[in-house]
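# Close look at the chain arrangement
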Amino acid sequence: MNLGIAANTEGITKAVQSFVEKFNAVVTTVNSVASYDVTTKKAGVLLGDFAVLGAMRQLRNLMTQPVPGLDGSIRNLQDIGLKTIDDGTQSLNTSKLSAAIAANKNDVVSLFAPFGVPTDGNITYVSKSADTKPGTYALNVTAAATRGKLSGAANPSMLLAGNNNSLQVQV
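Structure report, in brief. (Residues numbered from 1 in each chain as written. Predicted model: local features only at pLDDT ≥ 70, side-chain atom pairs only at ≥ 80, totals over all residues. Heavy atoms only, no water.)

### A word on the nonpolar core
Nonpolar side chains tend toward joint burial in soluble globular proteins. Ile 80, Leu 82 and Val 108 are the most contacted members of the largest nonpolar core, which has 20 residues in total. Counting residues per element, the ones that place at least two in this core are helix 1 (9-33), helix 2 (50-64) and helix 3 (94-110). Every residue in contact with Leu 82, bar those within four places of it in the chain, is listed here: Val 16, Phe 19, Val 20, Met 63, Leu 77, Gln 90, Ser 91 and Leu 92. (Core = buried A, V, L, I, M, F, W, Y, C linked by side-chain atoms within 4.5 Å. Buried < 20%, exposed > 50% of the residue type's maximum accessible area, 1.4 Å probe, protein only. Helix = DSSP H or I, 4+ residues; strand = E, 2+ residues; numbered from the N terminus. Contact = heavy atoms within 4.5 Å.)

### What about the packing of helix 1 against helix 2?
Packing of helix 1 against helix 2 leaves a shortest axis separation of 12 Å and a crossing angle of 155°. Considering their axes alone, helix 1 and helix 2 lie roughly antiparallel with respect to each other. Crossing handedness for the pair helix 1 and helix 2: left-handed. In this structure, helix 1 uses Phe 19, Phe 23, Val 26, Val 27 and Val 30 to contact helix 2, whose residues at the interface are Val 52, Met 56, Leu 59 and Met 63. By residue class, the composition of the contact of helix 1 with helix 2 is 9 nonpolar, no polar and no charged. (Axes fitted to C-alpha atoms, helices over the stretch in contact; angles between N-to-C directions. Parallel < 35°, antiparallel > 145°, perpendicular 65-115°, else oblique. Left-handed = near helix turned anticlockwise from the far one by under 90°. Nonpolar A, V, L, I, M, F, W, Y, C, P; charged D, E, K, R; others polar.)

### Details of the environment of Thr 94
Position of Thr 94 relative to the elements: it lies in helix 3. The spatial distance from the C-alpha of Thr 94 to the C-alpha of Val 16 is 9.5 Å, given a sequence separation of 78 residues.

### Considering the packing of helix 1 against helix 3
One can describe the packing of helix 1 onto helix 3 by two numbers: an axis separation of 10 Å at closest approach and a directional angle of 110°. Overall, the two elements helix 1 and helix 3 adopt an arrangement that is roughly perpendicular. For the pair helix 1 and helix 3, the contacting residues are Thr 9, Ile 12, Thr 13, Val 16 and Gln 17 in the first and Thr 94, Leu 97, Ile 101, Lys 105, Val 108 and Val 109 in the second. Here the contact of helix 1 with helix 3 is built from residues that sort into 6 nonpolar, 4 polar and 1 charged.

### Digging into the side chain of Thr 89
Residue position: Thr 89 is located in the loop between strand 4 (82-84) and strand 5 (90-92). At 2.6 Å, the side chain of Thr 89 forms a polar contact with the side chain of Asp 87. Once residues within four sequence positions are removed from consideration, Thr 89 is found in contact with Asn 24, Val 27, Thr 28, Lys 83 and Thr 84. (Polar contact = N/O pair within 3.5 Å; in protein donor to acceptor, adjacent residues only side chain to side chain.)

### A word on the environment of Tyr 137
Checked against the element boundaries, Tyr 137 lands in the loop between helix 3 and strand 6 (166-170). The exposure class of Tyr 137 is exposed, given its relative accessible area of 55%. As for Tyr 137 and Pro 118, which are separated by 19 residues in sequence, their C-alpha atoms are 9.4 Å apart.

### Here we look at the packing of aromatic side chains
The full count for this structure, using the stated rule, is 1 aromatic pair. Aromatic pair Phe 19 and Phe 112: ring centres 5.2 Å apart, planes at 75°, arrangement edge-to-face. With a gap of 93 residues between them, Phe 19 in helix 1 and Phe 112 in the loop between helix 3 and strand 6 connect regions that are remote in the sequence. Judged by its relative accessible area of 29%, Phe 19 falls in the partly exposed class. (Phe/Tyr/Trp six-rings, centres within 6.5 Å; stacked < 30°, edge-to-face > 60°.)

### Re helix 1
Between its first and last C-alpha, helix 1 extends 37 Å over 25 residues, near the 36 Å set by a 1.5 Å rise per residue. Taken together, the buried positions of helix 1 are occupied by Ile 12, Thr 13, Val 16, Val 20, Phe 23, Asn 24, Val 27 and Val 30. Tucked inside the fold, the buried residues of helix 1 contact helix 2, strand 4, strand 5 and helix 3. (Expected span 1.5 Å × (residues − 1).)

Pasting the structure below:
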């Protein structure tokens, strides 16, 4: 019997590319309604609007600041290949992204998703709530688990035999 497990790096790459495309669509839309066109000498209807300017400043800060709680070599979007261009949109260096995924997939994912990193290998991070704040939390285990549980879906009638002796799992 052979068991193969492979990381779904293509899915991560596509998700980051989609993120960049959607961010760029927002920037392009805002630029079209909140800027002055020197060629046509026309101003966008939201030119100078403080709410728009403030929202765009916050977005730019989110795109460039380190993610709180990350302390590895991947701490912000620039570390995985994103770069701001002159018009405010982002470009993606897919080679740098691929190298970052190969080096530490979990740190790349942590830029976009909630995460927790236990310091004890016997502890597993499960989830967070909307009220969870970045930081270090003490954990006091008062009783060991008494029963294990395996969750998931599988075909219970699957038979691995001489001509069917391989199982692929992709995460």
